[in-house]
Amino acid sequence: MEGEVVMMEMQVGSDASDDPVRRLEEMRDALDQAAIVATTDQRGVITYVNDKFCEISKYSRRELIGQDHRIVNSGHHPKEFMRDLWRTIGQGRVWRGELKNRAKDGSHYWVDTTIVPFMDPAGRPRQYLAIRTDVTQRKSTEATLREQEALAQLGQLAAVVAHEVRNPLAGLRGSLQILESRLPATIRERQIIGPMIQRIDGLSRIVNDILLFANRRPAAPRPVELRQAITEAVWSARSTSPESIPPVNVTAADTMVLADGDMLRSVLLNLVLNACQASRDWPVEVTTSVQGDKCHIEVSDRGPGIPPDLRDRVFDPFFTTKSSGTGLGLPIVKRLVASMGGSIELRPREGGGTVAEVIVPVQPETARCPQAV
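Since the model is a prediction, treat every value here as computed from it, not as a measurement.

**Brief notes about the packing of aromatic side chains**
- According to the stated counting rule, one finds 2 aromatic pairs in the structure shown.
- The ring of Trp-110 is capped by Lys-139, whose NZ or CZ atom sits 4.2 Å from the centre of that ring.

**Describing the packing of helix H8 (residues 226-240) against helix H9 (residues 261-279)**
- In the contact formed by H8 and H9, the axes pass within 8 Å of each other and the chain directions differ by 50°. The orientation of H8 with respect to H9, classified from their angle, is oblique. Viewed along their axes, H8 and H9 form a crossing whose handedness is right-handed. Between H8 and H9, the residues in contact are Leu-226, Ala-229, Ile-230, Glu-232, Ala-233, Ser-236 and Ala-237 and Leu-264, Arg-265, Leu-268, Leu-269, Val-272 and Leu-273, respectively.
- The residue makeup of the contact of H8 with H9, split by class, is 10 nonpolar, 1 polar and 2 charged.

**A look at the pairing of strand S10 (residues 294-300)**
- Within S10, 5 of the 7 residues are buried, leaving the element largely enclosed by the surrounding structure.
- Inspection of the sheet shows strand S9 (residues 284-291) paired to S10 by 7 bridges, in the antiparallel sense. Across the sheet, residue Thr-288 finds its bridge partner in S10, namely Ile-297.
- What sits between the antiparallel neighbours S9 and S10 is a turn of 2 residues, in which Gly-292 has the positive phi angle 65°.
- Summarising the sheet, S10 and strand S12 (residues 354-361) pair through 7 bridges and their orientation is antiparallel. From the neighbouring strand, His-296 faces S12, where its bridge partner is Ile-359.

**Description of helix H5 (residues 79-90)**
- With 12 residues, H5 should reach 16 Å at 1.5 Å per residue; the first-to-last C-alpha distance of 16 Å fits that figure.
- Elements in contact with the buried residues of H5: strand S3 (95-102), strand S4 (108-119) and strand S5 (125-134).

**A few points about the side chain of Thr-354**
- Mapped onto the elements, Thr-354 comes out in strand S12.
- Excluding its chain neighbours within four sequence positions, the residues that come into contact with Thr-354 are Val-299, Ser-300, Asp-301, Gly-305, Ile-306, Leu-346, Arg-347 and Arg-349.

**Structural notes on the sheet that holds S12**
- Spatial strand order, S7-S9-S10-S12-S11: 5 strands in an open sheet with mixed pairing. Here the strands that pair on one side only, and so sit at the sheet edges, are strand S7 (248-251) and strand S11 (343-348). Averaged over all pairs of adjacent strands, the angle between their axes in this sheet comes to 20°, without regard to strand direction.
- Against the sheet, H8 engages S7, S9 and S10, with an angle of about 175° to S7.
- Relative to S11, helix H10 (residues 329-339) is tilted by about 135°, and along the sheet it contacts S11 and S12.

**Points about the layout of surface pockets**
- In this structure, the second largest pocket spans a volume of roughly 1,300 Å³.
- Lys-100, Ser-140, Ala-143, Lys-334 and Ile-344 are, among the 44 residues lining the second largest pocket, the residues nearest its centre.
- Where the lining of the second largest pocket is concerned, the elements lending two or more residues are S4, helix H6 (136-182), H10, S11 and S12.
- For the lining of the second largest pocket, the element with the most residues is H6, which contributes 10 residues.
- Residue composition of the lining of the second largest pocket, by class: 16 nonpolar, 12 polar and 16 charged.

**Focus: the sheet that holds S4**
- Spatially, the 5 strands line up as an open sheet ordered S2-S1-S5-S4-S3, and their pairing is antiparallel. If you trace the sheet from one side to the other, it starts and ends with strand S2 (46-49) and S3, each paired once. Averaged over all adjacent pairs, the angle separating strand axes in this sheet is 30°, with direction ignored.
- In terms of strand pairing, strand S1 (residues 36-41) meets S2 through 3 bridges, oriented antiparallel. Opposite Ala-38, over in S2, you have Val-49 as the bridge partner.
- Together, S3, S4 and S5 form the strand contacts of H5, whose direction differs from that of S3 by roughly 135°.

**Re the pairing of S11**
- Sheet analysis places S11 next to S12, joined by 6 bridges and oriented antiparallel. Across the sheet, Ile-344 pairs through a bridge with Val-358, a residue of S12.
- In this antiparallel pair of consecutive strands, S11 and S12, the connection spans 5 residues, and Gly-351 shows a positive phi of 90°.

Rules used throughout
Residues numbered from 1 in each chain as written. Predicted model: local features only at pLDDT ≥ 70, side-chain atom pairs only at ≥ 80, totals over all residues. Heavy atoms only, no water. Phe/Tyr/Trp six-rings, centres within 6.5 Å; stacked < 30°, edge-to-face > 60°. Lys NZ or Arg CZ within 6 Å of the ring centre and 35° of its normal. Axes fitted to C-alpha atoms, helices over the stretch in contact; angles between N-to-C directions. Helix = DSSP H or I, 4+ residues; strand = E, 2+ residues; numbered from the N terminus. Parallel < 35°, antiparallel > 145°, perpendicular 65-115°, else oblique. Left-handed = near helix turned anticlockwise from the far one by under 90°. Contact = heavy atoms within 4.5 Å. Nonpolar A, V, L, I, M, F, W, Y, C, P; charged D, E, K, R; others polar. Buried < 20%, exposed > 50% of the residue type's maximum accessible area, 1.4 Å probe, protein only. Pairing = 2+ DSSP bridges. Expected span 1.5 Å × (residues − 1). 1 Å grid on protein atoms, 1.4 Å probe; cavity = no way out; pocket = protein on both sides within 12 Å on 5 of 7 lines; lining within 4 Å. Points joined across faces, edges and corners; volume = space filled by probe spheres on them.

Structure representation (structure tokens):
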């Protein structure tokens, strides 16, 4: 009898601690504290999100349930990357990788992702569980470390370039100009001076790029009329290479942004020139929009686009796919945008080409602006 009482007490204790529903609740609570969690049906429609998902995406649970994950798709990853993801989980295999997503306010975040398919008796996926960890800070730190390493080398190079290259180039150019002015126009040798000066100007631009990238001048933010800044950038692009600039269509709102005017115009000029070189005869589109306290500026081309395997490298110093150039144009743009408290992203354009999107703060009192004209 005494043994039966002891057995009954053990069973009662076991029932209290091994209640499967309670254990599942505890596991879910623990997971919710540590990870960003979502479940979808077999079509990819979201059926559950936890608080951390809402927090990082800035969408409410009501806005997410019933949608698919395209709602947070940043456009950073090529279609083949996403097709491989769906092919993997559609075959019942676990997918692991890093995804760059877009929050409701337009900001971007990186998540280390594991997607687990749950199969039905017929061996087909009936549900997917996605477990994510925010790695935005890690990705930012990695990018910063790469940039600092390049800057350490560039700082030494810039000091040599400024003294040993720029000054002699300026003197040589001046001497050639004097020589050209003194030679009669009929002398054949005079014709080679113009191309020589052009070569020197090209070298000077490379030197200036190196010095500009090495210079860490802080931004001086002030209210800047965005449409005027874009107009000036387009005009400068036409003045630089009038014969190679296709039509540039601008749709910009009357928006005041908080930026360093010189830096912003330099950013816009660089992006417009890149887009024009890529598009060739196709028009380049420049559009703006305001979302909350941020202004989004998009420069779109119809060029060949950026290969997926190179998309993460285009902002690395000295990396270029062009036959000429220093590979410092986009790194300079990224540096200038970051110093103004903004961000930049390159993504594929629907139908072919590239979209360069710059996000900068809006001047607070003008955050509500008229529609684009």
